[in-house]
Amino acid sequence: MTATPVSPSEPELGRARKRKEDARLVTGRTRWTDNMAPPGTVHLAVLRSPVAHAGISSIDTSEARRMSGVHAVVTGADIAQRQGSLPCAWPVTEDMKAPDAPAMAVESVNFAGEAVAMVAARSAAEARDALDAIDVDYEDLDVVLDIESAARDDSPLVHEELGTNRNATWTFDSVEAGTGGDVERTLRDAEVRVDRTFRQQRLIPAFMEPRSVLVDPTGEQYTVWSATQVPHILRTMIAMTLGTPEHKVRVIAPDVGGGFGGKLQVTPEEVLTFLMAEQLGRPVKWTESRSETMISGHHGRDQVQRLSLAARSDGTVTGLKVDLLADMGAYLRLVSPGVPILGALMFNSIYKFDAYRFTCTNVFTNKTPTDAYRGAGRPEATFAIERMMDELAAELDMDPMEVRRKNWIGHEEFPFDTIAGLTYDSGNYEAATDRALEMFGYQQLRDEQVQRRQRGDTVQLGIGISTFTEMCGLAPSRVLGSLSYGAGGWEHSQVRVLPTGKVEVVTGTSPHGQSHVTAWSQIVSDRLGVPFEDIEVLHGDTQSSPRGLDTYGSRSLAVGGIAAVQASDKVVDKAGKIAAHMLECAEQDLEFTEGRFAVRGTDKGVGITDVALAAFTAHDLPEGVEPNLDAEASYDPENFSFPHGTHLCAVEVDTETGGVRIRSYVCVDDVGSVVNPLIVEGQVHGGLAQGIAQALYEEAVYDDDGTLTTATFADYLVPSAMDLPEFRTDRTETEATSNPLGVKGVGEAGTIASTPAVVNAVVDAIRHYGVTDVRMPCSPQRVWRALSEARSSSATAESGGGLGPSDSDGGLTTGGDR
Amino acid sequence: MPRITVDVDGTTYTDEVQPRTLLVQYLREQLGKVGTVVGCDTSNCGACTVHMDGQSVKSCSVLAVQADGHEVTTVEALSQEGRLHPLQRAFHDNHALQCGFCTPGMIMQALDLLAENPEPDDEQIREGLEGNLCRCTGYQNIVRAVRDASEQMRPGAGPAMERSGETPAPRASAERADTRVTGGQ
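Residues numbered from 1 in each chain as written. Chains lettered and ligands numbered in written order. Predicted model: local features only at pLDDT ≥ 70, side-chain atom pairs only at ≥ 80, totals over all residues. Heavy atoms only, no water.

(A) Representation of the overall build of chain B within the structure. Looking only at helices and strands, one finds seven helices and five strands in chain B. Secondary structure elements of chain B, listed N to C terminal, follow the sequence β-β-α-β-β-β-α-α-α-α-α-α. Counting all 185 residues of chain B, 58% fall into the buried class. Taking the contacts inside chain B whose residues are at least 6 apart along the sequence as the reference set, 57% of them involve residues at least 24 apart. Here chain B displays about 7100 Å² of accessible surface, and carbon together with sulfur accounts for 43% of that area. (Helix = DSSP H or I, 4+ residues; strand = E, 2+ residues; numbered from the N terminus. Buried < 20%, exposed > 50% of the residue type's maximum accessible area, 1.4 Å probe, protein only. Contact = heavy atoms within 4.5 Å. Areas by Shrake-Rupley, 256 points an atom, 1.4 Å probe, with all protein chains shown as cover.)

Structure (structure tokens):
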């Protein structure tokens, strides 16, 4: 028989199919977790610590217990023996210090927002009323908030019992890894050396659907509905954390309203809701308020990055040293310690140089725990290296695009072994860049920039470049093993052709806006030659989709999609055996096209629908072939995939107000082969919005006592339609060579690439005033202060004295390492 | 407890509600109208936008008792007999949603925007949607969808025509009251 793939007359792959998912969502016929309430459901509310660091001396729940409608009031002490410790699946070093992370505080609280008690009541309102009647006595402890102070030996401790706030130090050195030379010598011998410190501000994932959990303990098993990205991991972790047998837990992620890494967790509230349902023996539901998610859902980024870059005077980069402090917050969550390590593999980005060392120290503070947020480690790395390329260009008075061209991996050099130990399978940075420059009108904008500078306009123009690659298809299991991650990176799929020829595709990935149903239908349609409309995709329920590792890190298509390809191919293989039997010919005489097995050179044939019926009736199957036309596959990727692209941003900076306006944004992304261009474009747009938001708008800010002062959407500036420009996007397509579809992944690209493009543009607009950095988010105040400080220091330099800047918020740097 | 009578999506309901019950809570919890959702507790995100007497309101900022005697329209009333409203169709056609959580509020707000200004330019669309947050799309396709719908719906379309997308009858005036969508009638 001819091997798959088949090629229907109009292939589904690459077709801009409108989504199957939409009809329900635009009409409000949705299944968010909070919509559901089986009969007898009681509502859970969680009392949260108002203080960042304190001992708990007493909790009085007597009044709350007596209130109307209250079923139970539970403190951390009540469940101390039962609740276990929330899992951290990524012990990055053998000596990593991981404190107990109870779902509910028992003796002390370590960040403001930590759960200290919970109430189950008839209604959510009654449960919240009862929280007010709980009286907690706190004994204040020293609060540690600043990451650099926390890392010092003389710092007060977040977890006294650990004896330090540094929980792990992880190093990659190109000498030890055998991938390159000695970075210290390279820096010492460098003709040019650039040192900078960048801050990755703390961000909040801010998915639109607040988290919600419903646990129904009635029946033969616990049924858990949760607004989660990771139903399969959650099921296993409930078993590991609480000792409830895994086969007695069914987790369902119904409609899930966004995640961005923010729902990649086993949350305290999932554990607490489970324990309350277990105790009461009836369904329990918890749905958070927005402020709760802001203070207690995990945050992202929050790193201090010190970089030293060595180069020759012609712009050739020779080495890079990265020293990084990463804020874990008060506890380690599922993958917190590994997030900066993902960045370690990508600081070199698309560039080749001789020596590299990365050292990361993970630090505890009395703040909300951090964990993966869109891009997870890679946006931080890309930001840093792209800012450094601009700083090097400025140092050498070269065009920043020329510096990049001089250093990147040429198209002819792939596959390329990077200094960080990865193998990039394919890429064409030249093609994406040339296309982006053409769309952008680079030279005209540069000319206008010169004119504006010469005229001394109050509004100055800046151009920002970001050429990048990222790492999708997380991840080959052996690589995760080498990085000490606690699980593999395979994905599972089952394809079932039903007796009528309709198809069910089961995937272990779990979408929350990424359009899996549509994309998987397209993939399997081509593979089996059945119509797109005849395919249903089942996901997000551990009963119907028993195996999987869920959705994060742009892994769904490049890993889960390939599992669906493999399962489909097995189905075709099995169908071929049955078809040959039906047609009384040898299997190798068959060819399979557009859903039909034909005997080569004859008009005899049979459709896969008829084969499915024959496999179902099983009246006359060939020897050794089992009834039913279905197959499953678990796929472990052989390599990551490496999407890349070039993003260009033009901003106008008002030098009198500090206001920044994005004038144009152009990006050309290369995500390999494209299953559905509509979906790809949508993912890019959303990613751009999040990356631009980091550059210009968003920051989680704490006051000196450790209270989050940006705990609502009034204070935490998720951009609105008015805050974002019209994006101009295009693609080049360089197929991945590591998987049969040639796909690479797209979910994180926009976020990763856009932040440095925008900040490079902002700095570029005002560099001629002496500004060399603006700390993110580049708010009007920060930009204005950067300008003001630069102007006053140049005035000071000229006059040999005078007043310095009156106010330094730490939000700006005006040259060199601080 | 106060007693209220509200017309929601064409059905009249008389209910007792707590004085503090928000309209969105009443819709979701007492009437089972779960197509309207809650994204924040500060009236910033707009996910709970519905129409009251034809004008968009954030239903988390209206008490259920304030809806007494009024007509409320939710996203669930827009499509009829399986046919999508032109705005719903436009969101689908333009890939203007991903997770879909903000979508009902976004569509209800866009409907109000188009009632007020049937031919908005992109800037006016962005301004009209400023009170509705989306975290997935970056807004560009939402703007496209609203522009697309504005062309489909044609200026002057009456409420029933707006809903069905059929050829509209000429409308006497562009006053907001004429453009309201009343569900189920």
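(B) Representation of the interface of chain B and chain A within the structure. Taken together, the 45 residues of chain B in the interface contact 54 residues of chain A. The tally of links from chain B across to chain A stands at six salt bridges. One salt bridge in this structure joins Arg135 of chain B and Glu698 of chain A, with 2.5 Å as the shortest N-O distance. Joining chain B to chain A, the criterion identifies 25 residue pairs in polar contact (both at pLDDT 80 or more). (Salt bridge = Lys/Arg side-chain N within 4 Å of Asp/Glu carboxyl O. Polar contact = N/O pair within 3.5 Å; in protein donor to acceptor, adjacent residues only side chain to side chain.)

(C) Representation of the pattern of salt bridges in the model. All names here are of chain A. Summed over all chains, the structure comprises 66 salt bridges over all chains. Notably, a salt bridge pairs Lys352 with Glu413, separated by 2.5 Å at the nearest N-O pair. Placement of Lys352 in the loop between α10 (339–344) and β15 (355–364) and of Glu413 in the loop between α12 (400–407) and β16 (416–417) is noted, with a sequence separation of 61 residues between them. Note on Lys352: relative accessible area 30%, which makes it partly exposed. Among the charged side chains, a salt-bridge network with shared partners connects Glu10, Glu12, Arg15, Arg17 and Glu533.

(D) Region of the structure containing the nonpolar core. Among the nonpolar cores identified, the biggest contains 204 residues, and Phe347, Tyr356, Phe358 and Tyr665 of chain A together with Leu87, Phe91 and Val146 of chain B are the most heavily contacted of them. Examining the composition of this core, we find that nine residues originate from one element, helix α11 (residues 378–396) of chain A, more than from any other. Apart from residues no more than four positions distant in its own chain, Phe91 of chain B is found in contact with Val26 of chain A together with Ala96, Leu97, Thr103, Met106, Ile107, Ile142, Ala145 and Val146 of chain B. Counting residues in each nonpolar core, the second largest holds 48 residues, with Val505, Val572, Ala575 and Cys585 of chain A among its members. (Core = buried A, V, L, I, M, F, W, Y, C linked by side-chain atoms within 4.5 Å.)

(E) Quick peek at the packing of α11 of chain A against helix α20 (residues 749–766) of chain A. All names here are of chain A. For the pair α11 and α20, the least separation of the axes is 8 Å and the interaxial angle reads 30 degrees. Comparing the axis directions of α11 and α20 gives the class roughly parallel. In the crossing of α11 with α20, the sense of the turn from one axis to the other is right-handed. Together, Arg378, Pro379, Thr382, Phe383, Glu386, Arg387, Asp390 and Glu391 of α11 and Ile752, Thr755, Pro756, Val759, Asn760 and Val763 of α20 make up the contact between the two elements. The class makeup of the residues in the contact of α11 with α20 is six nonpolar, three polar and five charged. (Axes fitted to C-alpha atoms, helices over the stretch in contact; angles between N-to-C directions. Parallel < 35°, antiparallel > 145°, perpendicular 65-115°, else oblique. Left-handed = near helix turned anticlockwise from the far one by under 90°. Nonpolar A, V, L, I, M, F, W, Y, C, P; charged D, E, K, R; others polar.)

(F) Just the packing of aromatic side chains, in detail. Residue and element names in this part refer to chain A. Evaluation of the coordinates by the stated rule reveals 14 aromatic pairs over all chains. When the centroid spacing of 6.0 Å and the interplanar angle of 70 degrees are considered together, the rings of Trp170 and Phe358 count as edge-to-face. Of this pair, Trp170 sits in strand β7 (residues 166–173) while Phe358 is found in strand β15, placing the two residues 188 residues apart along the sequence. Residue Phe358 is classed as buried on the basis of its relative accessible area, which comes to 0%. Grouped by ring-pair contacts, the aromatic residues Trp170, Phe347 and Phe358 constitute a single cluster. One Lys or Arg, Arg791, reaches over the ring of Tyr769 and ends 4.7 Å from the middle of that ring. (Phe/Tyr/Trp six-rings, centres within 6.5 Å; stacked < 30°, edge-to-face > 60°. Lys NZ or Arg CZ within 6 Å of the ring centre and 35° of its normal.)

(G) Seen up close, the pairing of strand β4 (residues 55–58) of chain B. Residues and elements named next belong to chain B. As paired elements, strand β3 (residues 49–52) and β4 share four bridges and run antiparallel to each other. Of the residues in β4, the one forming a bridge with Thr49 is Lys58. Hairpin connection from β3 to β4: two residues lie between these consecutive antiparallel strands, with Asp53 at a positive phi of about 50 degrees. (Pairing = 2+ DSSP bridges.)

(H) Inspection of the confidence of the model for chain A at higher detail. Residues and elements named next belong to chain A. Per-residue confidence for chain A gives a mean pLDDT of 95, with 96% of residues at or over 70. Every residue in residues 2–8 scores below 50 in pLDDT, and together they form 17 contacts with partners more than four places removed in sequence or on other chains. Counting interchain partners and residues more than four positions distant, the pLDDT-below-50 stretch residues 801–818 has 40 contacts. (pLDDT = per-residue confidence, 0-100.)

(I) Region of the structure containing the sheet that holds strand β2 (residues 54–60) of chain A. Residues and elements named next belong to chain A. One open sheet holds the three strands; their spatial order is β4-β2-β6, and the pairing between them is antiparallel. Pairing within the sheet leaves two strands with one partner each, and these edge strands are β4 (108–109) and β6 (135–140). Relative to β4, β2 runs antiparallel, the two sharing two bridges. Its bridge partner being in β4, Ala54 is matched across the sheet by Val109.

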